Each structure stands twice: as structure tokens, then as C-alpha cells.
Amino acid sequence: MLLENKVAVVYGAGGAIGGAAARAFAREGARVFLAGRTTAALDKVAADIRAAGGTAETAQVDAMDEDAVGAFADSVAGRAGGIDVSFNAIGVQDVQKPLMEITAEEFARPIRTATRTQFLTTRAAVRHMIPRGGGVILMFGGGGPQTMPGLGGFKIALDAMEGLRRQWACEAGQHGVRVVTMVTGGVPESVPDDFPARDRIEAGIREGTLLGRAATLDDVGNVAAFVASDRARTMTSATVNISCGAIVDH
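All residue numbers refer to positions counted from 1 along the written sequence of the respective chain. pLDDT decides what is reported in this predicted model: residues at 70 or higher carry local features, side-chain atom pairs at 80 or more are listed and counted, and totals for whole chains, interfaces and linings draw on all residues regardless. For side-chain calculations, the full set of non-hydrogen atoms in the structure is used, while hydrogens and water are omitted.

**Focus on the overall build of the protein chain**
Next, step 1: Within the protein chain, the secondary structure is distributed over seven helices and seven strands.
Next, step 2: To qualify as a helix, a DSSP run of H or I must reach at least 4 residues; to qualify as a strand, a run of E must reach at least 2; elements of each kind are numbered from the N terminus. The linear arrangement of helices and strands in the protein chain, starting from the amino end, is β-α-β-α-β-α-β-α-β-α-β-α-α-β.
Next, step 3: The reference for a compact globule is 2.2 Å times residues^0.38; the radius of gyration itself is calculated from the C-alpha atoms. Radius of gyration (C-alpha) of the protein chain: 17 Å, near the 18 Å computed for a compact globule of 250 residues.
Next, step 4: Dimensions along the principal axes, computed over C-alpha positions, put the protein chain at roughly 50 × 35 × 35 Å.
Next, step 5: When burial is assessed residue by residue, the protein chain has 48% of its 250 residues classed as buried.
Next, step 6: The contact rule is simple, with two residues in contact once any of their heavy atoms fall within 4.5 Å. When contacts within the protein chain are restricted to residue pairs at least 6 apart in sequence, long-range pairs at least 24 apart make up 71% of them.
Next, step 7: Counting only carbon and sulfur atoms, one obtains 52% of the accessible surface of the protein chain, whose full area is about 11,700 Å². Relative accessible area decides the class of each residue, using a 1.4 Å probe on protein chains only: under 20% of the type maximum gives buried, over 50% gives exposed, and in between gives partly exposed. Calculation of accessible area relied on Shrake-Rupley with a 1.4 Å probe; when residues are assessed, cover is drawn exclusively from the protein chains displayed.

Here it is, written out as C-alpha cells:
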């Protein structure tokens, strides 16, 4: 198992992306702590993990609340002996409109949300990783070099996360902490069934790839587990691109 005897924390674990990562971490042997705002969604993921023979615990946590994030990380580290992996996959509350049509608040919200939550959850985890001589921070949603009209502040929020990833990798690397961003270009399975124009969005994601297909939730989980494992011990301050060619690196 890639993550045997590891302790993994997942924020936004009740969502499609966070849930996929949490299930994969548990399948690979990690003891998983699921954090989010919706208890029912967390309980469903935890039940899936336990049914498959894994270990999972849940906690209602607002990943934008500094005190709540700190207390949760301290509680996990105290009960489990530390934190090896921290993955933040919460939504950034983006409003996607052309810049000439969006309000200042709508524009700034995803930038503020992404940078604050990633800073808070990373700092809370790194604080416990330093005494252990290492750990892995995973962020989700890196931007890549391309953009398109009508994204509002969303793409800028993703770019800001990449800057935060580089800064954390620079400062935490001396303590053995790796920081990596996962880039997908969109995961069709993560679009809710009742979301307007779901079919059009899914088709657009696939058509924008070089492989004619998009990343699945299983892909997200499998790659997240690998990156979090010691087999990826040389990877830090980097993006892991699983966009099937939708995002082409420079």
C-alpha cells in the first residue's frame, strides 16, 4: 500500500474531488480524517471507506475559519500522532462572468477564498509536519498558462494558488515538506446531475483535450495517492497535470 500507516487530512471531503482523494488515500492504507461543512456528505464518504475496510473519521470544519482549522489539525495530530498528508479541495465560490459584467465582490471572492483557505490549512498541517521531518501538501485546481473569456476571478484565483504553492514549497522544503498542485482541466463526473447545461459542459471538457477524454474521479484519487506517497518523494513546488492535454505546459 502506498500510504500504509500515514495520516491524511482532506478538506472538502464531502465533495466529488475531495471524496475521490479520501477514498484513494484510505484504499492505499492511510488513516483518513474528513473535514467539511456538510455532515451528511462527510458521513457518506466515511461509510464508503469503512465498507471497503478503511479507516475514516469526520469533523464539521469551516476551512475559512482560522481557529477552526487550527483546532482541527491539532486534534488530528494529537489523536493520530501527526499529519502526513493534507489535501484541500474546497470550492472557491467563483462567479464566472466576463470581467466587464462582474461586480468587484464577485471578482474578488474566489481569489480571497482560495488564498485564505489554502494558506490556513497548509499552515496548520505544516506546523505538525515539521517535527516529523516531512509531509505532503496537495492543492487542487492549478491554473496552467492558458485562459479563456468569461471566467471572472476564477483563473486568477488558481494562479494565486500556484504562487502560494511555490512560496510554501520554498519555505517548508527545508523541513522535508513537499507541496504539489493537481491540474485537471475539469472532471465531468464532478459536475452535479442537476447542473444547468451539464451535458454541454462535459462535452466541452472532453473536446478541449488532446486525448479525446477527460480525467475521471478515479484518476484524481489514484494520482493524488501516488503524489502523496514516498514514491513521489522527489516532487515538490510542481504541478501534476492530469488534464489529458487540455492544459499544455510551457
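**Topic: the packing of helix α4 (residues 104-129) against helix α5 (residues 154-172)**
Next, step 1: Between α4 and α5, the shortest axis-to-axis distance is 8 Å and the interhelical angle comes to 20°. On the basis of the axis angle, α4 is roughly parallel to α5. Crossing handedness for the pair α4 and α5: right-handed. Between α4 and α5, the residues in contact are Phe107, Pro110, Ile111, Ala114, Thr115, Gln118, Phe119, Thr122, Arg123 and Val126 and Phe154, Ile156, Ala157, Ala160, Met161, Leu164, Trp168 and Ala172, respectively.
Next, step 2: Throughout this entry, Asp, Glu, Lys and Arg are counted as charged residues, while Ala, Val, Leu, Ile, Met, Phe, Trp, Tyr, Cys and Pro are counted as nonpolar. The remaining residues, Gly among them, count as polar. Split by residue class, the contact of α4 with α5 holds 14 nonpolar, three polar and one charged. Between N-to-C directions, angles span 0 to 180 degrees; the directions come from axes that are lines fitted to C-alpha atoms, helices contributing only their stretch in contact. Note on terminology: angles under 35 degrees are roughly parallel, angles over 145 are roughly antiparallel, angles of 65 to 115 are roughly perpendicular, and the others are oblique. Here a crossing is taken to be left-handed if its near helix is turned anticlockwise relative to the far helix by less than a right angle, and right-handed if that turn runs clockwise.

**So, the pattern of salt bridges**
Next, step 1: Throughout this description, the term salt bridge denotes a Lys or Arg side-chain nitrogen within 4 Å of a carboxyl oxygen of Asp or Glu. Across all of its chains, the model carries 14 salt bridges by this definition.
Next, step 2: Here Arg31 ties to Glu57 by a salt bridge, and the two come within 2.8 Å at their closest N and O atoms. Residue Arg31 is found in strand β2 (residues 31-36), and its partner Glu57 is found in strand β3 (residues 55-60); the two are separated by 26 residues along the sequence.
Next, step 3: With a relative accessible area of 28%, Arg31 lands in the partly exposed category.
Next, step 4: Linking Glu57 and Arg79 is a salt bridge whose minimum nitrogen-to-oxygen distance equals 2.4 Å. Remark: Arg79 occurs in helix α3 (residues 66-80) and Glu57 occurs in strand β3; sequence separation between them is 22 residues.
Next, step 5: Note on Arg79: relative accessible area 45%, which makes it partly exposed.
Next, step 6: Residues participating in the shared-partner salt-bridge network are Arg23, Lys44 and Asp48.

**A closer look at the pairing of strand β4 (residues 85-88)**
Next, step 1: Burial along β4 is two-sided: the residues Val85 and Phe87 and Ser86 and Asn88 are all buried.
Next, step 2: Two strands are said to pair when DSSP picks up at least two bridges between them. Bridging between strand β1 (residues 7-11) and β4 involves four bridges; their strand directions are parallel. In the sheet register, Ala8 faces β4, and the bridge partner there is Val85.
Next, step 3: The pairing of β4 with strand β5 (residues 135-140) spans four bridges and is classified as parallel. Looking at the pairing, Ser86 lines up with Ile137 of β5.

**Re the nonpolar core**
Within soluble globular proteins, side chains that are nonpolar generally end up buried alongside one another.
Next, step 1: Of all hydrophobic cores here, the largest spans 38 residues; its most connected members are Ile17, Phe25, Val32, Leu34, Phe87, Leu138 and Met182.
Next, step 2: Nonpolar cores are built from buried Ala, Val, Leu, Ile, Met, Phe, Trp, Tyr and Cys residues. Side-chain atoms within 4.5 Å join them into one set. Ala63, Ala77, Met139 and Met161 belong to the second-largest nonpolar core, a separate cluster that totals 32 residues.

**Structural notes on the side chain of Glu106**
Next, step 1: As for its placement among the helices and strands, Glu106 is situated in helix α4.
Next, step 2: For Glu106, a relative accessible area of 16% puts it in the buried group.
Next, step 3: Polar contact is defined as a pair of N or O atoms within 3.5 Å, subject to the rule that within protein one atom must be able to donate a hydrogen and the other to accept it, and that residues adjacent in sequence are counted only when both atoms are side-chain atoms. A polar side-chain atom of Glu106 sits 3.4 Å from a polar atom in the side chain of Lys97.
Next, step 4: Excluding residues that lie within four positions of it along the chain, Glu106 makes contacts with Val95 and Lys97.

**Quick look at the pairing of β5**
Next, step 1: Buried residues dominate β5, accounting for six of its six residues.
Next, step 2: Residues Gly135, Ile137 and Met139 line one face of β5 and the alternating positions Val136, Leu138 and Phe140 line the opposite face, and both faces are buried.
Next, step 3: Crossover handedness for the path β4 to α4 to β5: right-handed. With its strands directed away from the observer, a crossover is right-handed exactly when the path from the first strand over the helix to the second travels clockwise.

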